[in-house]
Each structure stands twice: as structure tokens, then as C-alpha cells.
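# Architecture at a glance
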Amino acid sequence: MDTMKEINKLAQEIGDEPESLPEVTIERGALNSISGYLGSRGFKNIVIVVDKNTKAAAGNKLKADLGGATMVELEPDSNGQVIADEQSIVQLFAGTSKKTDVLLAVGSGTIHDIVRFVSFKMNIPFISVPTAASVDGFTSKGAPLIFRGEKKTIQTAAPVAVFADLDVLMGAPRELTASGFGDILGKYTSLTDWKISQLIADEPYSERAAAITRQSLEACVANVDVIGEGGEKGIKVLIQALIESGLVMLLLDHSRPASGGEHHLSHYWEMALLKENARQLLHGAKVGVSTAIITGLYKNRASQYVKEDIKIDKLRENWEEVSGLIASLPNPEKIRDLLARSGGPGTPDELGISTHLLQESLNEAYQIRDRCTGLYLFNQLKTEEIAIPV
Ligand SMILES: [Zn+2]
């Protein structure tokens, strides 16, 4: 499958011009092309947004290349991490002016979310410069932000262009690359949840969007060992998959193909850590671990039901197809093996999530969003607390 061709077809299906999609450059030395791109668009007043790490990885080079550009270095919180919250957003607002022509998001997911929000509110375009292949949100519009300690996802702006420099991405810490792989593995259950929701809740479904997302997933699974090695081939496959998954979300204007029950567990854990003011864990690392948990839960629950006894009519009527979808998911052992080969954590223990929080999330996290998922349905059918699947 030529994924970019399929993405353009999806754009036409939806009624968007393919030209409205961000221009994507994925190659070694892509940073060198940014100056020419900015010049061709007439962007003069440039603000480069970094944190301490991404300043070293790409920010300093861009500042040198771009002459008079301003650099805003986002401040970390008391745990030493930059968070997409009010303080970071205000810091960036203060660093931009009415004269600013363009913002450069130089970093991973969090920096993109802060820039995306400010870009949208100030009506200034932004350019994505990922410094790690760590999440699939670079090219989407959704910005998960923390307001007064609560996480909210707001639809904002997508970048006008993406410059993914493989030399920069190959230099990123291995755990960030493994996190990107974990975010992609979550598509096993998010795609299953989307299809289940079409059957049970009549949710709109796009075969093409699902096929593109599955192709991104399969490309990464087939290349897990080279991704784990962190060389050019593996990083290229991974960043391409992450960007494509984001483009699908951008076109659909929602995250359905890329986010299901596995993301709800991950968000629940994130909010619990926020409440404790604990250090945040990498998004994709949480998603990877929760994908193994969710597949175990789905398989475990599905094996316990007798079709005739299922109390939700639509689920009973579609049980053959739903249980077939669940049966086709890889086993949790396989998911954990893939995570280990990518260099990331495979279990809640390795990730640093307690048994208590995991247990609580299996019974509560389905309430996070009004979305029909296997996690939601099995919680509706439960007669007692859902136990941690083994
Ligand atoms: Zn994700």
C-alpha cells in the first residue's frame, strides 16, 4: 500500500483538499531545509520553541541557521519536566508578539501541544520539528492540555509543515523511540474498539482510515528489531507510521482509529500521577503497557460469555463478529515481547504503575470519555469488580 496516496484519497473522500495537509519531509539532514522553506513562505519573525534537551538536539542549530529568530526555552516543573499546562502556555504567549509570523515546535509531544494551542489562539502557523519518534500526535489537531490539574483534549491547529530529521531522531534516547513504538502498538486495540463501536453504537467508521492506520501498525511490528536498534531504517519506518497515524486523525478531526480503551487506561494513570504531583511517564510507554493489559482483559472476558446470556442486545446480535475481532488480537505475551524488543517497558511493574492503580483503572477508566470500547462494554456487563487479567 502506498500510504501517502491512500491518505490523499481519504482527504478527497472527506472533501478536504490534499494540499491542505502539512508538507512532510522525512530525511537525514531535514533541519537544513527549514531555512529555505521559511524564506519561500516569507516568514521573517520566527519563534523557536524548545526545552533544555531539545535546545541541544536541534534548537541551537536552528537558531544559528535562522539568524534573528527568537528562542523560547520552556521551563520545567518541580519534577524537572515540561508540562502542557497554564504556566507553559503563558510563557509561550509572553514569548510571542503580534509580529510573530511562525512558531517552530522543536521537541516531542508536549512541546507540540503547547505550541499547537498558542498557534491556534494567536492565528500564527506552526511548523513541527520532532526531536524524537515518541508519539503519533505531531500532525494531528488534538492538544491534550492540563488545566487546573485536569487533563482536557482540545481540537486546535495542525502544523503547516513537518521536518523530521532522521539524524536528530536517531540521536534521541532509546526510551523515547520505544515510547513511539508503544503508541503505535495501541492501534491493535484502538482499531478493534472503533470497529466494535461501529457494530454496537452505529459510530461512523472509515474502512480507508482504518486500513491506513493498520498498515502503519503492521510496518512497525514487522520492523520491531530494527526500530529497537535505533538505526536509520527503523527510525524512518517508525516516524513515518507516527506521522501517518496523525494525518489520519487530522483528516477525520478525531482520534478514533488511534485511541481506544488502551488510551483510556493510560489517561487514567496520567491523571492519578498528576494528582500526586509525581513525575509523568512517557505517553507511548503507558499506551504500550496498557495495550497488553487490554488485550488480556478482552480475551479473558470474551472467553467467559455465552452469547445467549449477553444482556446488551446489540452486542449479543453481533457477538460472532466482536468475539472474532477479539480472537484476532495478538496475545498479551506477544505484545510484551514486542515492547521488550523495542526497548520499552512491558508490564505495569516495569513502567512504575502500582497494582492498586491498575486495578482501579480497569473499573473506572471507561468513564473518561464517552466512547464505546470493549473496556466500556465489559464494565457495563460486569457483575463484580473486574480483576487484573493474568
Ligand atoms: Zn497516543
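### Some details on the coordination of the zinc ion
- Around the zinc ion, the protein contributes the donor atoms Asp-183 (OD), His-263 (NE2) and His-283 (NE2), which lie 2.1 to 2.2 Å from the metal centre.
- When the donor residues of the zinc ion are listed from N- to C-terminus, their spacing reads D-x79-H-x19-H. Separated by 100 residues along the polypeptide, Asp-183 in helix H7 (residues 174-185) and His-283 in helix H13 (residues 283-302) bring together distant segments of the chain.

### A look at the nonpolar core
- Core analysis: the largest hydrophobic core is formed by 75 residues, its most contacted members being Leu-185, Ile-239 and Trp-269.
- Sorting elements by how many residues they give to this core places helix H11 (residues 232-252) first, with twelve residues.
- If we skip the residues at most four places from it in the chain, Ile-239 touches Ile-26, Pro-130, Ala-133, Phe-138, Ala-164, Leu-166 and Leu-169.
- Counting residues in each nonpolar core, the second largest holds 21 residues, with Tyr-37, Phe-43, Leu-66 and Ala-161 among its members.

### Quick word on helix H8 (residues 187-201)
- Here H8 contains 15 residues, and its C-alpha end-to-end distance of 20 Å stays within 8% of the 21 Å for a straight helix at 1.5 Å per residue.
- By the criterion of burial, H8 is predominantly enclosed, with 13 of the 15 residues buried.
- Asp-202, located one to two residues past H8, shows a positive phi value of around 55 degrees.

### Brief notes about the side chain of Lys-286
- Here Lys-286 lies in helix H13.
- For Lys-286, the contacting residues outside a window of four places in its chain are Ser-266, Trp-269, Glu-270, Gln-280, Leu-281 and Leu-351.

### Some points on unusual backbone geometry
- Positive phi, close to 60 degrees, is recorded for Asn-123, a residue that is not glycine.
- Tracing the backbone through its elements, the reader meets Asn-123 in the loop between helix H5 (109-122) and strand E5 (126-130).
- A relative accessible area of 70% means that Asn-123 is categorised as exposed.
- Positive phi, normally seen in glycine, also occurs at Arg-148, with a value near 50 degrees.
- If you trace the backbone, Arg-148 turns up in the loop between strand E6 (142-147) and strand E7 (150-155).
- Using a relative accessible area of 79% as the deciding quantity, one classes Arg-148 as exposed.

### Some thoughts on the sheet that holds strand E3 (residues 70-73)
- On the basis of which strands lie adjacent, the open sheet formed by six strands has the order E1-E8-E5-E4-E2-E3 and parallel pairing. Both outer strands of the open sheet, strand E1 (23-27) and E3, are each paired with one neighbouring strand and no more. When strand polarity is set aside, the average angle formed by the axes of neighbouring strands in this sheet is 15 degrees.
- Note: E1 against strand E8 (residues 161-165), five bridges, orientation parallel. Bridge pairing links Val-24 to Val-162 in E8.
- Along the sheet, H5 contacts strand E2 (46-50), strand E4 (102-107) and E5; its crossing angle with E4, the most-contacted strand, is approximately 165 degrees.
- Strand contacts of H11: E1, E5 and E8, with the helix running at about 165 degrees to E1, the strand carrying the most contacts.

### Thoughts on the environment of Ala-211
- Structurally, the position occupied by Ala-211 is in helix H9 (residues 207-222).
- Its relative accessible area of 33% is what places Ala-211 among the partly exposed residues.
- Placed 44 residues apart in sequence, Ala-211 and Ser-255 show a C-alpha to C-alpha distance of 15 Å.

### As for the packing of H13 against helix H16 (residues 332-342)
- Interaxial distance between H13 and H16 falls to 8 Å at its minimum, and their mutual angle equals 170 degrees. One way to sum up the angle between H13 and H16 is to call them roughly antiparallel. Contact with H13, carried on its side by Gly-288, Val-289, Thr-291, Ala-292, Thr-295, Gly-296 and Lys-299, involves Pro-332, Ile-335, Arg-336 and Leu-339 of H16 and no other residues of that element.
- Split into classes, the residues belonging to the contact of H13 with H16 amount to five nonpolar, four polar and two charged.

### Notes on empty space enclosed by the protein
- This structure, assessed with the given rule, holds one cavity of 30 Å³ or more.
- There is about 30 Å³ of room inside the largest cavity.
- Broken down by element, the lining of the largest cavity gets its largest block of residues, four residues, from H7.
- Tallied by class, residues from the lining of the largest cavity come to four nonpolar, four polar and one charged.

### Some thoughts on the packing of aromatic side chains
- Taken as a whole and judged by the stated rule, the model has seven aromatic pairs.
- Aromatic side chains Tyr-298 and Phe-378 sit 5.6 Å apart centroid to centroid with 70 degrees between the ring planes, which places their arrangement in the edge-to-face category. One end of the pair, Tyr-298, is in helix H13; the other, Phe-378, is in helix H19 (residues 374-381), and 80 residues separate them in sequence.
- Relative accessible area serves as the criterion here: at 3%, Phe-378 is assigned to the buried category.
- A cation over a ring is seen here: Lys-195 above Tyr-205, with NZ or CZ 4.7 Å from the ring centre.

### Some details on H11
- Under the 1.5 Å per step criterion, the end-to-end length of H11 is 30 Å for 21 residues, consistent within 8% with the ideal 30 Å.
- H11 sits mainly inside the fold: 17 of its 21 residues count as buried.
- Backbone geometry just downstream of H11 places Asp-253 in the positive-phi region, at approximately 65 degrees.

So, how was this worked out
Residues numbered from 1 in each chain as written. Predicted model: local features only at pLDDT ≥ 70, side-chain atom pairs only at ≥ 80, totals over all residues. Heavy atoms only, no water. Donors = N, O, S within 2.8 Å, 3.2 Å for Na, K, Ca; no water. Helix = DSSP H or I, 4+ residues; strand = E, 2+ residues; numbered from the N terminus. Core = buried A, V, L, I, M, F, W, Y, C linked by side-chain atoms within 4.5 Å. Buried < 20%, exposed > 50% of the residue type's maximum accessible area, 1.4 Å probe, protein only. Contact = heavy atoms within 4.5 Å. Expected span 1.5 Å × (residues − 1). Pairing = 2+ DSSP bridges. Axes fitted to C-alpha atoms, helices over the stretch in contact; angles between N-to-C directions. Parallel < 35°, antiparallel > 145°, perpendicular 65-115°, else oblique. Nonpolar A, V, L, I, M, F, W, Y, C, P; charged D, E, K, R; others polar. 1 Å grid on protein atoms, 1.4 Å probe; cavity = no way out; pocket = protein on both sides within 12 Å on 5 of 7 lines; lining within 4 Å. Points joined across faces, edges and corners; volume = space filled by probe spheres on them. Phe/Tyr/Trp six-rings, centres within 6.5 Å; stacked < 30°, edge-to-face > 60°. Lys NZ or Arg CZ within 6 Å of the ring centre and 35° of its normal.

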